[in-house]
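Notes for the structure review
Okay, here's what each chain looks like letter by letter:
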Amino acid sequence: MTVALVTGGNRGIGLEVCRQLAAAGHRVLLGARDLERGERAAAGLDGDVTPVALDVAEPDSVVRVAGTLDELDVLVNNAAIHYDTWQQANSADLDVVREALETNLLGAWRTAQAVLGLLRRSGHGRIVNVSSGAGQLTGMSGGTPAYRVSKVSLNALTRMLAAELRRDGILVNSVCPGWVATDMGGPGGRPVAEGAAGIVWAATLPDDGPTGGFFRDERPLDW
């Protein structure tokens, strides 16, 4: 059975990714900063779903969770904070930017490093970095600076890891779920199930699938 770890899995897109992976027969580890919230979220899902206390911004938390795992095939780096629509780059609070980078970039980075041995052992490891069109350099505009910079950086990490891990059979891709109606995205977006589907696609790619790409709805995006 394929084992998948989803960070930020207790709500929104992460929760729906957990739901879809579990429905497809995968064993899912639902990561949540607050274990009680994770337990409540997992209780509402069918299939093999186990909540784990995981705060990707805290190195000790990441190391602790990684140390409890015997196997892992898929890492979905979904946890993210600070969709800072109230800011502009020319006057941004750099403490907010730093916090966004700590979770959205470094959190994904440290989690990938912590479980890399397990993904290598799997023989068909997958890393999916949940990114955003807001992180596309093509057509980049102003506003939302902390979030944008963190997602541009996450995309760069995707490219580097994909190149370095190709020989290990680990596929690494960024996926933009689109504008989805969640707590972060706000009302009016597409259904969360549609946004999560592309992430699940990347998490379950065949061994000859793409790596080092940026996708939305299984279609390539410009960087």
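I will try to describe carefully the structure that is included in this document. (Residues numbered from 1 in each chain as written. Predicted model: local features only at pLDDT ≥ 70, side-chain atom pairs only at ≥ 80, totals over all residues. Heavy atoms only, no water.)

Considering the overall build of the chain
On a plain count of helices and strands, the chain comes out with six helices and eight strands. Reading the chain from its N end, one meets helices and strands in the order β-α-β-α-β-α-β-α-β-α-β-α-β-β. Rg of the C-alpha trace for the chain: 16 Å, near the compact-globule value of 17 Å for 223 residues, within the 12% margin. Principal-axis analysis of the C-alpha atoms gives the chain an extent of 50 × 40 × 35 Å. With 223 residues in all, the chain has 52% of them scored as buried. Partitioning the intrachain contacts of the chain with sequence separation of at least 6 by distance along the chain shows that 66% fall at a separation of at least 24. In the chain, the 20 positive side-chain charges and the 26 negative ones have mean positions that sit 4 Å from each other. (Helix = DSSP H or I, 4+ residues; strand = E, 2+ residues; numbered from the N terminus. Rg over C-alpha atoms; globule rule 2.2 N^0.38 Å. Buried < 20%, exposed > 50% of the residue type's maximum accessible area, 1.4 Å probe, protein only. Contact = heavy atoms within 4.5 Å. Lys, Arg positive; Asp, Glu negative; His and termini not counted. Charge placed at Lys NZ, Arg CZ, Asp CG, Glu CD.)

Some thoughts on the side chain of Thr-103
Tracing the chain through its elements places Thr-103 in helix H4 (residues 94-122). Contact partners of Thr-103, with chain neighbours within four places excluded, come to Val-56, Ala-57, Ala-79, Ala-80, Ile-81 and Ala-108.

Comments concerning the pattern of salt bridges
Counted under the stated rule, the structure contains seven salt bridges. Among the ionic pairs, Asp-95 bridges to Arg-98, the shortest N-O distance being 2.6 Å. With a gap of three residues between them, Asp-95 and Arg-98 both fall in helix H4, about one helical turn apart. The class of Asp-95 is partly exposed, set by a relative accessible area of 46%. According to the relative accessible area criterion, Arg-98 is exposed, its value standing at 52%. Residue Asp-207 is joined to Arg-126 by a salt bridge in which the shortest nitrogen-to-oxygen separation is 2.7 Å. One end of the pair, Asp-207, is in the loop between helix H6 (192-203) and strand S7 (214-216); the other, Arg-126, is in strand S5 (residues 126-130), and 81 residues separate them in sequence. (Salt bridge = Lys/Arg side-chain N within 4 Å of Asp/Glu carboxyl O.)

Let's talk about the packing of aromatic side chains
In total, this model carries three aromatic pairs according to the counting rule given. Taking 5.2 Å as the distance between ring centres and 25 degrees as the angle between the ring planes, the aromatic pair formed by Phe-214 and Trp-223 counts as stacked. For Phe-214, a relative accessible area of 1% puts it in the buried group. (Phe/Tyr/Trp six-rings, centres within 6.5 Å; stacked < 30°, edge-to-face > 60°.)

What about the pairing of strand S6 (residues 171-175)?
Taken across its five residues, S6 has five buried, putting it largely inside the fold. Side-chain alternation along S6 places Leu-171, Asn-173 and Val-175 on one buried face and Val-172 and Ser-174 on a second face that is also buried. Where S5 and S6 come together, five bridges link them in parallel fashion. Of the residues in S6, the one forming a bridge with Ile-127 is Val-172. Chirality of the crossover, the property in question, places the unit of S5, helix H5 (residues 145-165) and S6 among those that are right-handed. With two bridges connecting them, S6 and S7 associate as parallel partners. Bridge pairing in S7 places Val-175 opposite Phe-215. (Pairing = 2+ DSSP bridges. Right-handed = clockwise from strand over helix to strand, strands pointing away.)

Quick notes on empty space enclosed by the protein
Tallied over the full model, the rule gives one cavity of 30 Å³ or more. By volume, the largest cavity is sized at about 40 Å³. Contributions of two or more residues to the lining of the largest cavity are made by H4 and H5. The element that contributes the greatest number of residues to the lining of the largest cavity is H4, accounting for four residues. Here the residues of the lining of the largest cavity sort into five nonpolar, five polar and one charged. (1 Å grid on protein atoms, 1.4 Å probe; cavity = no way out; pocket = protein on both sides within 12 Å on 5 of 7 lines; lining within 4 Å. Points joined across faces, edges and corners; volume = space filled by probe spheres on them. Nonpolar A, V, L, I, M, F, W, Y, C, P; charged D, E, K, R; others polar.)

Side note on unusual backbone geometry
The backbone of Thr-144 sits at a positive phi, close to 50 degrees, despite the residue not being glycine. If you trace the backbone, Thr-144 turns up in the loop between S5 and H5. Given a relative accessible area of 10%, Thr-144 falls into the buried group. Although it is not a glycine, Glu-218 sits at a positive phi angle of roughly 70 degrees. With respect to the element layout, Glu-218 can be found in the loop between S7 and strand S8 (219-220). Take Glu-218: its relative accessible area is 46%, and that puts it in the partly exposed class.

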